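A closer look at the structure
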Amino acid sequence: MVSYKELGFSNTKKMFKIALEREFAIPGYNINNLEQLQAIIIGCGESESPVIIQISQGARVYANQTMLRYLGQGGVEMAKENGYSIPIALHLDHGNSFELAKSCIDSGFSSVMFDGSHLEYEENIAITRKVVEYAHERDVTVEAELGVLAGIEEHVKSDVHEYTDPDQVEDFVTRTECDSLAIAIGTSHGAYKFKVEKVDDIPELRFDILQEVRKRLGKFPIVLHGSSSVLKEYVSIINQYGGNLEKAFGIPEEQLRKATQYGVSKINIDTDGRLVFTAIIRKILAENPKEFDPRKYLGPARQELIEMIKRKNDIVLGSAGQAKYIK
Ligand code: G3H
Ligand code: 13P
Ligand code: ZN
């Protein structure tokens, strides 16, 4: 057993407090490998942004849970070595059981999500509450979820889109004592978020629901999952170099920026990073058919991801330059 404090991670308490005060969102970036982690540390370090490094169950299976924890710890050390002074949380993304959350807490995570959004309301409350009790005794923060996101991620499946009911949020937060709440207002996981033909047809997020939730909860951290914008420049590169991602659309950046003004304090981004990596690797391999050194394509993909992260932190999340307020 190891506490995240010994590893140099931060929980999300102070991050969210400042994010709410200053109306920006903390980025929740997912990792599965070394290069993604390096890009997140460098991108957030250079833009002086706090960051939540997210590890999904799929990532645990892909990269090995122990490996990922040490990778996260390596990220903290690398940040120090590079002279970055940013708070870094290590977070379980979409945990589906108390046992999984406990195992992450015991191995050094500073934050965990229990996603009981598919469960019946009372069962969601009961398990979230159990996770919160275990976590809070160890000063670990807990994200919970109410309302179901549509999506096609491997471990995050749902065909239905059930918006969060604002009438439930106060009762849910009071009874679970969770530290942040993910809500469903029209975002979804993956690269195909809307069944539309063109960008102009993308519907607005349900800001009415967000505002109602805000009214009920006051200044409480709200989380938006499924918030990649499915950046069209990378979709185009992928399609140009042999890929086939048709009608892939995401959440317009202006809408995400607007959401931070209504209490959205964490924005989750995974798909956009995946698109960047795939686009650069496809392009380099197509243009250099003799290349077989992974550093020659993973290195540029990492660099492009660094640029994407810096840009998002700056103009979408507003988290750039905010690390100094979180001490
Ligand atoms: O919320 C889902 C994340 O994008 C993680 O996806 O389960 O494929 O690792 P994954
Ligand atoms: P995207 O698929 O939109 O990147 O969402 C990621 C996410 O919500 C991780 O929990
Ligand atoms: Zn998610």
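Since the structure is predicted, the reported quantities are computational estimates derived from the model, not experimental observations. (Residues numbered from 1 in each chain as written. Chains lettered and ligands numbered in written order. Predicted model: local features only at pLDDT ≥ 70, side-chain atom pairs only at ≥ 80, totals over all residues. Heavy atoms only, no water.)

Judged by pairing direction, the barrel is parallel, and its eight strands sit side by side in the order β1-β2-β3-β4-β5-β8-β9-β10 before closing back on the first. Averaged over all pairs of adjacent strands, the angle between their axes in this sheet comes to 25°, without regard to strand direction. The pairing of strand β1 (residues 26-30) with strand β2 (residues 51-56) spans three bridges and is classified as parallel. Across the sheet, residue Asn30 finds its bridge partner in β2, namely Gln54. Contacts from helix α5 (residues 65-81) reach β2 and β3 (88-95), with the element oriented near 155° to β3. (Pairing = 2+ DSSP bridges. Helix = DSSP H or I, 4+ residues; strand = E, 2+ residues; numbered from the N terminus. Axes fitted to C-alpha atoms, helices over the stretch in contact; angles between N-to-C directions. Contact = heavy atoms within 4.5 Å.)

Right, let's talk about the packing of helix α12 (residues 271-287) against helix α13 (residues 294-317) for a bit. Where α12 meets α13, the axes come as close as 9 Å, and the angle between the chain directions of the two elements is 145°. When you trace α12 past α13, the crossing you get is right-handed. Along its contact with α12, which presents Asp272, Gly273, Val276, Phe277, Ile280, Ile281, Ile284 and Leu285, the element α13 presents Lys296, Tyr297, Leu298, Pro300, Ala301, Arg302, Glu304, Leu305, Met308 and Lys312. For the contact of α12 with α13, the class distribution of residues is twelve nonpolar, one polar and five charged. (Left-handed = near helix turned anticlockwise from the far one by under 90°. Nonpolar A, V, L, I, M, F, W, Y, C, P; charged D, E, K, R; others polar.)

A word on the packing of aromatic side chains. All chains considered together, the criterion is met by three aromatic pairs. Their ring planes at 85° and their centres at 5.8 Å tell us that Phe98 and Tyr134 sit as a pair that is edge-to-face. Of this pair, Phe98 sits in helix α6 (residues 98-106) while Tyr134 sits in helix α7 (residues 121-137), and the two are 36 residues apart along the sequence. Classification of Tyr134 by relative accessible area gives buried; the value is 12%. Between the aromatic rings of Phe207 and Tyr262, the centroid separation amounts to 6.1 Å while the plane-to-plane angle is 55°, which identifies the pairing as tilted. Taken together, the positions of Phe207 in helix α9 (residues 207-217) and Tyr262 in the loop between α11 (253-259) and β10 (264-269) put the pair 55 residues apart, joining distant regions of the chain. (Phe/Tyr/Trp six-rings, centres within 6.5 Å; stacked < 30°, edge-to-face > 60°. Buried < 20%, exposed > 50% of the residue type's maximum accessible area, 1.4 Å probe, protein only.)

A four-donor tetrahedral metal ideally has 109.5 degree angles, and a six-donor octahedral metal ideally has angles of 90 or 180 degrees. Only His94 (NE2), His189 (NE2) and His225 (ND1) from the protein coordinate the zinc ion (ligand 3), and they sit 2.1 Å from it. With six donor atoms in place around the zinc ion (ligand 3) and angles of 69 to 170° between them, the coordination shape is irregular. The motif formed by the donor residues of the zinc ion (ligand 3), counted along the single chain, is H-x94-H-x35-H. Of the two residues, His189 sits in the loop between β8 (180-183) and α9 while His225 sits in the loop between β9 (222-224) and α10 (232-240), which places them 36 residues apart along the sequence. Each member of the pair His189 and His225 is classed as buried. (Donors = N, O, S within 2.8 Å, 3.2 Å for Na, K, Ca; no water. Tetrahedral: all angles 85-135°; square planar, octahedral: opposite > 155°, others 65-115°.)

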